[in-house]
Amino acid sequence: MSTPEHPALVPGRWFDGQSSKARPVVVSLRPTPQGPSLVLHPLSQPGAEPVVFTWKQVGWPEAWNERKPQPRVVVDLRDHGSVEIDAVTEWRAALAAAGERPGIAQRMQTRWPVLLGVTAAAVIGLTLFYRYGTPWAATQLTRFVPLGWETSVAENVLKQMDEGTLKPSKLPKERQQQLQARFNTLVQQAPATLHRYAQYNPPLSLEFRSGMGANAFALPGGKIVMTDGIVKAAADNGLPDDALVGVLAHEIGHVVHRHTTRLVVEQGVLNVGLGLALGDVSAIVSTGASVMTGLAYSRSHEREADCYAIALMRHTALSTAPMGKLLLAIARAEEKEEDKGSDKDKKAADDNPADAAHAPTPQSAASAPDATRKRKLGQEAESHPVWSLLSSHPETMKRATELEQGHAPHCAKS
């Protein structure tokens, strides 16, 4: 870049901070490797030496609109006051001649295409970080979470649930022993090659509870809980114990893939990433990130647990078809209960329009105790870091069909 022999001179007023009266000056800009330097030539003191300010000593004003420049430019000189310049066009021309190049922030302010381009790049970057970067980072960081932490969390969670929703199992001891034996055999036959974390070998255990309907869930650290309701559901639908073994294989998949821990880490990684990208993560953004994480990442974890169950059952020469039929049977039973509750509410509203008008919710507690219980169970389940068989599981029909077929498109070929 060629240096102009005679830098442009721009008239201005210097408020040096020592006097309230402005001092008339002529401003010139000199190119330097670090950026233009600003030189003030006082006019009120003939023969006075010019005052030179380096690039870093000046608070350079930004342009907001190239087509409609501001009527006056104020140059911040830090401890030496400020300079006001009315000849804005000459000032911008002198800056350009001295080699000043606006930064990306200023280009975004003055040029819509740049703003749109940067915004699009940021959205794409955040999307890729959310979709691929966060799960990958969480998977790697989870390796360093100690098993003792998971065990402690599991014990506290199960204790809270035993004091609330869960009750002691009413299954006969012989029946519990049968299922325990099938579980132990399944654990012994599980190949280490199916585990995501080679050095992670938690002690897997099975416990029985009642009070949560037909369900099963996994706690971090290796504890799996099966309810009396799901055992009864399999029996009522004439399904063999292979259906329950498939459910246990699915829950083992949650444990060995450390899904609960990964979800916690994923939420932390996502919040940190948003903080770095957006500067300050507000409560709304943090809450939104948690919701997105819980929905999208849990779907991924469910598919991963299904794939683990399919692979483990295939390895043990067992079919996942009974498990798929069991999922469908439970889902259909819940839909029928919901429909019955809706019909009861509608009938109650028709018979007692005045009561319905004053009802606080579409479903009253008196006419729909099952619905109230489900909401309570759902809220309690959501407050615990457990992996429930049906709670928040996506696409139950599709999952059940894949399990019946014994393979899924998203599962790795084995």
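The rules we used
- Residues numbered from 1 in each chain as written.
- Predicted model: local features only at pLDDT ≥ 70, side-chain atom pairs only at ≥ 80, totals over all residues.
- Heavy atoms only, no water.
- Helix = DSSP H or I, 4+ residues; strand = E, 2+ residues; numbered from the N terminus.
- Buried < 20%, exposed > 50% of the residue type's maximum accessible area, 1.4 Å probe, protein only.
- Contact = heavy atoms within 4.5 Å.
- Pairing = 2+ DSSP bridges.
- Salt bridge = Lys/Arg side-chain N within 4 Å of Asp/Glu carboxyl O.
- Disulfide = S-S within 2.5 Å.

1. Here we look at the side chain of T316
Mapped onto the fold, T316 is located in the loop between α9 (283-315) and α10 (321-351). T316 sits in the buried class, given a relative accessible area of 13%. Once residues within four sequence positions are removed from consideration, T316 is found in contact with L186 and Q189.

2. Some words on unusual backbone geometry
At R258, a position not held by glycine, the phi torsion is positive, near 55 degrees. Relative to the elements of secondary structure, R258 occurs in the loop between α7 (241-256) and α8 (259-278). Here the phi dihedral of A317 falls at roughly 60 degrees; this positive angle occurs in a residue that is not glycine. Inspection of the secondary structure assignment puts A317 in the loop between α9 and α10. A317 sits in the exposed class, given a relative accessible area of 71%.

3. Things to note about the pairing of strand β1 (residues 9-15)
The side-chain alternation of β1 yields one buried face, formed by V10, G12 and W14, and one unburied face, formed by L9, P11, R13 and F15. In the sheet, β1 pairs with strand β6 (residues 82-85) via 3 bridges, with the strands oriented antiparallel. Along β6, the bridge assignment pairs W14 with V83.

4. Describing the pattern of salt bridges
All told, the structure shown has 16 salt bridges when counted by the stated rule. Here D86 ties to R13 by a salt bridge, and the two come within 2.8 Å at their closest N and O atoms. One end of the pair, D86, is in the loop between β6 and α1 (88-97); the other, R13, is in strand β1, and 73 residues separate them in sequence. Under the relative-accessibility criterion, D86 is labelled partly exposed at 40%. Across the pair K232 and D236 runs a salt bridge, and its minimum N-O distance is 2.7 Å.

5. Considerations on the state of the cysteines
What makes a disulfide is a covalent bond joining the sulfur atoms belonging to two cysteines. Per the counting criterion, the structure on display carries 1 disulfide. The disulfide bridge from C307 ends at C411, spanning 1.9 Å between sulfur atoms. Disulfide C307-C411: the torsion about the S-S bond is -90 degrees, which places it as left-handed. Here C411 lies in the segment after α13 (396-405) and C307 lies in helix α9, a separation of 104 residues in the sequence. Given a relative accessible area of 16%, C307 falls into the buried group.

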